[in-house]
2 protein chains.
Amino acid sequence: MQRPTVNDIAKEAGVSLATVDRVLNARPGVRARTVVRVNEAIERLGYVRDVAAANLARRRSYRVAFVLPDSRTSFMQALRGAIESAAGLAAFDRTAARIVTVAAFDPTATVRALAGLDGVDGVALMAPETPQVRDAIGRLAQAGTPVVALVSDQPNSARNRFVGINNLAAGRTAAQLVGRFARRPDPTVVVVAGSMMARDQMERRLGFDETMLRFFPGATILPSIEGRDDSDVVAQRLAEALAAHPRVDALYALGAGHRGLVHTLAALGLAGRITVVAHELTPAARAALEDGTIDAVITQDVGHIARSTLRVLRAAIDGTPLDPGQEQIRIEILLRENLPPAG
Amino acid sequence: MQRPTVNDIAKEAGVSLATVDRVLNARPGVRARTVVRVNEAIERLGYVRDVAAANLARRRSYRVAFVLPDSRTSFMQALRGAIESAAGLAAFDRTAARIVTVAAFDPTATVRALAGLDGVDGVALMAPETPQVRDAIGRLAQAGTPVVALVSDQPNSARNRFVGINNLAAGRTAAQLVGRFARRPDPTVVVVAGSMMARDQMERRLGFDETMLRFFPGATILPSIEGRDDSDVVAQRLAEALAAHPRVDALYALGAGHRGLVHTLAALGLAGRITVVAHELTPAARAALEDGTIDAVITQDVGHIARSTLRVLRAAIDGTPLDPGQEQIRIEILLRENLPPAG
DNA sequence: TGCGAAATGAGGGGCGTACCTCAGAAAAGC
DNA sequence: GCTTTTCTGAGGTACGCCCCTCATTTCGCA
């Protein structure tokens, strides 16, 4: 009992192959009555189109472009690496991915990059949300090119989908961890902000404040530090803040610059004595988690993001269904104990 | 600039199509020198075999069997559901999965089921570890049928791979959460054991004890409760234990029976007053997490397990490479704040 | 040097689908 | 009734690869 093919449908429906083909591919020139008969036959036989064969015949290939900021944080490096690796394996499925790098925080450059994409069937974009970018996404969508927003969402745009975590929820999770892990019931907390993707960090901050206020109303949250996602800046400003407030119990790092943070804590002899929750599993964060400087890391799996993006784009390109559970990017909480193996 | 095909390789290497084919499919009858030339051409052109076309021509389909215990815990139901759903989507990739149910804890029945599989290209097995089962796996492997162990490992067997989490690490993670979330520094802890898969629960217990001893040496761990993975049993024995030890601070549930646990805590007015860490995101656990009865859930994504198993088996069947990162099942920590959307 | 064996070339048929053309049949309009 | 339009059938070619057969060439070795 092999799976049925177009030929079986033709026989079952009592029509010719050509007609079945017309119905399957929604080509004109078939009476409504006949369409129904064919569809009934398809139903009866449980026919599922062989996508592989179809794509072969269509000689379709998927050309996908990733438009990413030229930021050099560990997270971005990891993301780029994950995309390259996922693209390497996707080559087996006739998918070719290209990475286009754009000056961070430069909407004009981003728009130019988006407009300059030629011969591309789908686009993944990580960029701050601005009106110009939103319009550029609209133009791509208009032209039938699906667009997914990566890591930082582009709401109110014509993007097909967002691949990334809910940063509001991530911030809430961080708050719960900070509040519960802190040694004192009414902790004093320092927030180290970054800047990179304005939107996601803002959302994390919002969620953090909300949950702190609700569950740990006795906590004191000091004015946040602008670390600019730069380890040196983080190191210096954090040192200043800790000098000014000797009784800090916890640290929440919602941006990049883990190396600077770790460095300052070690220098002040505070490693392991202050509760630290940070975002993204960078090499520095992993090491700090292992030696106890950082207590918990909240992260999104860049490998998952890369693979999910490719799947989502492919599905959008040829209208295949998706498994929603598979595309849900998790807000992962990592302690020293559940750290996945390196590499 | 299309991607190169076998014809391009033939031209580039200065050999015929037949020879390229022999090399690609490792068929005999090609001089070593020629093999090298062909491989160089492949390298030079960056050829990647079109797996879809290859499988089409081979008219290969993947018939996979899942051998599962007939246990009716929520976790098993979720796992079955995930497998069915993954199998539904895998139909597009000419993969047909079948679920074979076997009496739990019956090695003979398991062995019989494994031996009775006909016309199957790969097997996924979830069963307690026994010598008979190990031998049955060996026979399958001997016959060239890849086997993966699901959820509970079968070490020292000829299984191709284990798809599931490191339960030792999961137990350690639970200990860290219990120790840190408990309201008292030297908490009294009750462990609710199950029984289902002897091996994984034992490992969790080991990891839990190890980490409690190391990081929270002041903690008191009471004799564990044998819940038999049954809500009614859990409910009753837990009530007895809590009556006997009124000063319990934390609960670690490493098996099934969440409904019973929640019920007893509610009945005693202890919901939200005792720190509770449990395994697996069942509907009861989700609800308890949301209303604060359970503080943290440690879980493994059944959808991921199902999909990963199918990918691993397919890769084993036709020798395709795998993305190791993609097949790493995470030890997920879920709080109320980072609960993935239901469904 | 010649011989058998090994290596290679040439070609065909097929997998399940897409897409094209052209002739003929059925339906619609007058 | 007729013509005109709309449907339908038949058949071919192609996609990239697998697998088979049957010559023909090249090689290793006595």
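Residues numbered from 1 in each chain as written. Chains lettered and ligands numbered in written order. Predicted model: local features only at pLDDT ≥ 70, side-chain atom pairs only at ≥ 80, totals over all residues. Heavy atoms only, no water.

### Points about the sheet that holds strand β3 (residues 122-125) of chain A
All names here are of chain A.
(1) Moving on: In spatial order, the strands read β2-β1-β3-β4-β5; together these five strands make up an open sheet with parallel pairing. At either end of the open sheet lies a strand with only one pairing partner, and these are β2 (95-102) and β5 (161-163). Taken pair by pair, the neighbouring strands of this sheet meet at an average axis angle of 25°, ignoring direction.
(2) Moving on: Both strand β1 (residues 62-69) and β3 contribute to a ladder of four bridges, which runs parallel. Residue pairing for β3: Ala65 is matched across the bridge by Val123.
(3) Moving on: Contacting β1, β2 and β3, helix α6 (residues 107-115) crosses the sheet at an angle of about 155° to β2. (Pairing = 2+ DSSP bridges. Helix = DSSP H or I, 4+ residues; strand = E, 2+ residues; numbered from the N terminus. Axes fitted to C-alpha atoms, helices over the stretch in contact; angles between N-to-C directions. Contact = heavy atoms within 4.5 Å.)

### Examining the protein's contact with DNA strand D
(1) Moving on: In the vicinity of DNA strand D lie 27 residues, with Ser16, Thr19, Arg31 and Thr34 of chain A together with Tyr47 of chain B positioned nearest.
(2) Moving on: When atoms of DNA strand D within 4 Å of the protein are sorted by moiety, sugar and phosphate together comprise 72%.
(3) Moving on: Here a phosphate oxygen of DNA strand D sits 3.3 Å away from a polar atom, N or O, in the side chain of Asn25 of chain B.
(4) Moving on: Separating a phosphate oxygen of DNA strand D from a side-chain N or O atom of Arg27 of chain B is a distance of 3.0 Å.
(5) Moving on: Breaking the surface near DNA strand D down by element, the ones donating at least two residues are α2 (17-24) and α4 (51-58) of chain A together with α4 (51-58) of chain B.
(6) Moving on: Looking at the surface near DNA strand D, the element that brings in the most residues is α4 of chain B, giving five residues. (Near = heavy atom within 4 Å. Polar contact = N/O pair within 3.5 Å; in protein donor to acceptor, adjacent residues only side chain to side chain.)

### Considering the side chain of Glu327 of chain B
Residues and elements named next belong to chain B.
(1) Moving on: Residue position: Glu327 is located in helix α14 (residues 324-327).
(2) Moving on: When its relative accessible area of 5% is taken as the criterion, Glu327 is described as buried.
(3) Moving on: Not counting residues within four places of it along the chain, the set of residues in contact with Glu327 comprises Arg161, Ser308, Arg311, Val312 and Leu322. (Buried < 20%, exposed > 50% of the residue type's maximum accessible area, 1.4 Å probe, protein only.)

### A short note on the protein's contact with DNA strand C
(1) Moving on: With respect to spatial proximity, 27 residues lie near DNA strand C, and among them Tyr47 of chain A together with Ser16, Thr19, Arg31 and Thr34 of chain B are the closest.
(2) Moving on: Within 4 Å of the protein, the atoms of DNA strand C are drawn from sugar and phosphate moieties in a proportion of 74%.
(3) Moving on: At 2.9 Å from a phosphate oxygen of DNA strand C is found a side-chain nitrogen or oxygen belonging to Arg27 of chain A.
(4) Moving on: Those elements that provide at least two residues to the surface near DNA strand C are α4 of chain A together with α2 (17-24) and α4 of chain B.

### Some points on the environment of Thr293 of chain B
Residue and element names in this part refer to chain B.
(1) Moving on: Relative to the helices and strands, Thr293 resides in the loop between α12 (283-291) and β11 (296-299).
(2) Moving on: In this structure, Thr293 is in contact with Val262, Leu265, Ala271, Gly272, Ile274, Val276 and Ala288, ignoring residues within four places of it in sequence.
(3) Moving on: In terms of polar contacts, Thr293 uses its side chain to reach the side chain of Asp291, at 2.7 Å.

### Re the interface of chain A and chain B
(1) Moving on: Facing the 41 residues of chain A at the interface are 41 residues of chain B.
(2) Moving on: Summed over both sides, the interface between chain A and chain B buries roughly 3800 Å², with carbon and sulfur atoms accounting for 55% of that surface.
(3) Moving on: Of all residues in chain A, Phe92, Arg180 and Glu337 of chain A bury the most surface against chain B, accounting for 18% of the area lost on that side.
(4) Moving on: In this structure, the connection of chain A to chain B is made through ten salt bridges.
(5) Moving on: Here Arg180 of chain B ties to Asp295 of chain A by a salt bridge, and the two come within 2.9 Å at their closest N and O atoms.
(6) Moving on: Across the contact surface, chain A and chain B share 15 residue pairs in polar contact (both at pLDDT 80 or more).
(7) Moving on: Looking at the side of chain A that touches chain B, the elements that each hand over two or more residues are α4, α5 (74-90), α8 (167-181), α9 (198-215), α13 (302-318), α14 (324-327) and β12 (332-334) of chain A.
(8) Moving on: No other element matches α8 of chain A, which puts seven residues into the side of chain A that touches chain B. (Buried area = accessible area lost by both parts, 1.4 Å probe. Salt bridge = Lys/Arg side-chain N within 4 Å of Asp/Glu carboxyl O.)

### Focus on the relation of the copies chain A and chain B
(1) Moving on: In screw terms, the move from chain A to chain B is a rotation of 179° and a rise of 0.3 Å along the axis, fitting with an RMSD of 0.4 Å. The two molecules are tied by a two-fold rotation axis, judged by turn and shift. (Least-squares fit on C-alpha atoms with pLDDT ≥ 70 in both.)

### Some thoughts on α12 of chain B
(1) Moving on: Taken together, the buried positions of α12 of chain B are occupied by Ala284, Ala285, Arg286, Ala288 and Leu289 of chain B.
(2) Moving on: In the core, the buried residues of α12 of chain B are packed alongside α11 (258-267), β11 and β12 (332-334) of chain B.

### Quick look at the domain arrangement of chain A
(1) Moving on: The domain architecture assigned to chain A consists of domain 1 (6-49), domain 2 (62-165 + 302-330) and domain 3 (167-299).
(2) Moving on: The centre of domain 1 of chain A, based on its C-alpha atoms, is set 61 Å off from the matching centre of domain 3 of chain A. (Domains from an automatic or database assignment.)

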